[in-house]
Amino acid sequence: MTAVRRVLLVRHAGTAATRHGDVAADEPLTDAGRRAAAQLRSLVPGGGVAVCSPTARARETAVAAGWPAVDEPRLGPLDLGLWGSKSLQEIGGMDPAGLVRWLSDPSARPHGGETVLELIERVRNTLAAWHEPGAGDLVAVTHAAIVRAAVVVAMGAPAESFWRVDVTPSSVTELHTRGSGWVLVRTNVTSA
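Residues numbered from 1 in each chain as written. Predicted model: local features only at pLDDT ≥ 70, side-chain atom pairs only at ≥ 80, totals over all residues. Heavy atoms only, no water.

Asks: Which residues make up helix α5 (residues 96–104), and what are the values?
Replies: Considered for burial, the residues of α5 that qualify are Gly 98, Leu 99 and Trp 102. With its buried residues spanning 100° around the axis, α5 presents them on a single face. Opposite the buried face of α5, at more than 90 degrees from it, the exposed residues are Ala 97, Val 100 and Ser 104. Where α5 is buried, its residues meet α4 (88–94) and α6 (116–130). (Buried < 20%, exposed > 50% of the residue type's maximum accessible area, 1.4 Å probe, protein only. Helix = DSSP H or I, 4+ residues; strand = E, 2+ residues; numbered from the N terminus. Arc of directions from axis to C-beta. Contact = heavy atoms within 4.5 Å.)

Printed below as a string of structure tokens:
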């Protein structure tokens, strides 16, 4: 039997922005987010290596869950350029056509930041670097966009499906190695 590597992608716990469905600034977790993060350990059995996005919300999630995570810059959030730290309502008010284009065209860059296609490629390269069958579990605390992109890559789905993947705060998505690719085992799990 071939050895399998398991990668557990954990979306950071809730912040004030995620509570409203807004674009998150690099802000701390809410009290409820801290409590939810502490419960994540029950969703991730076993040990393994832990890495996290270099954002405060990801680091705080890792600490609350009890994972001594090392910063991994490739797990950083989607770069939204001029739209960073603005609410969706603000973005829609200042650039409604750009927002619609961004949500429907993975190559759109109305904010001047990273396109969804570029993000998917970043995640594809990260998963390729992690593809070591039998290397042991890897826990990666990150953002919804990274998890969405990982699901798209694992499924071989078109980039247009990116926005069709739901990723709840404090959820776990599990991938396993298979051959030269990945298998989606479970996604958006929020309770043991």
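Asks: Any chance you could break down the packing of aromatic side chains for me, citing the residues and the numbers?
Replies: Aromatic ring pairs are defined here through the distance separating the ring centres and the angle between the ring planes. By the definition in use, this model includes 3 aromatic pairs. Ring geometry for Trp 83 and Trp 102: centres 5.5 Å apart, planes at 85°, overall edge-to-face. Of this pair, Trp 83 sits in the loop between β3 (70–71) and α4 while Trp 102 sits in helix α5, placing them 19 residues apart in sequence. Each member of the pair Trp 83 and Trp 102 is classed as buried. Arranged with centres 4.9 Å apart and planes meeting at 70°, the rings of Trp 102 and Trp 163 form a pair that is edge-to-face. Taken together, the residues span a long stretch of sequence, with Trp 102 in helix α5 and Trp 163 in the loop between α7 (144–155) and β5 (172–178) at a distance of 61 residues. In this structure Trp 163 comes out as partly exposed when scored by relative accessible area, which is 31%. Three or more aromatic residues joined by ring pairs form one cluster here, namely Trp 83, Trp 102, Phe 162 and Trp 163. Residue placement shows Arg 148 over the ring face of Phe 162; its charged tip is 5.7 Å from the ring centre. (Phe/Tyr/Trp six-rings, centres within 6.5 Å; stacked < 30°, edge-to-face > 60°. Lys NZ or Arg CZ within 6 Å of the ring centre and 35° of its normal.)

Asks: Lay out the pattern of salt bridges in plain terms, naming residues and giving numbers.
Replies: Pairing is possible between side chains of opposite charge, provided their charged atoms come close. Per the stated rule, a full pass over the model turns up 12 salt bridges. Taking the shortest distance from any N to any O, the salt bridge between Arg 122 and Glu 114 comes out at 2.8 Å. Where salt bridges share partners, they join Arg 6, Asp 137, Glu 174 and Arg 186 into one cluster. (Salt bridge = Lys/Arg side-chain N within 4 Å of Asp/Glu carboxyl O.)

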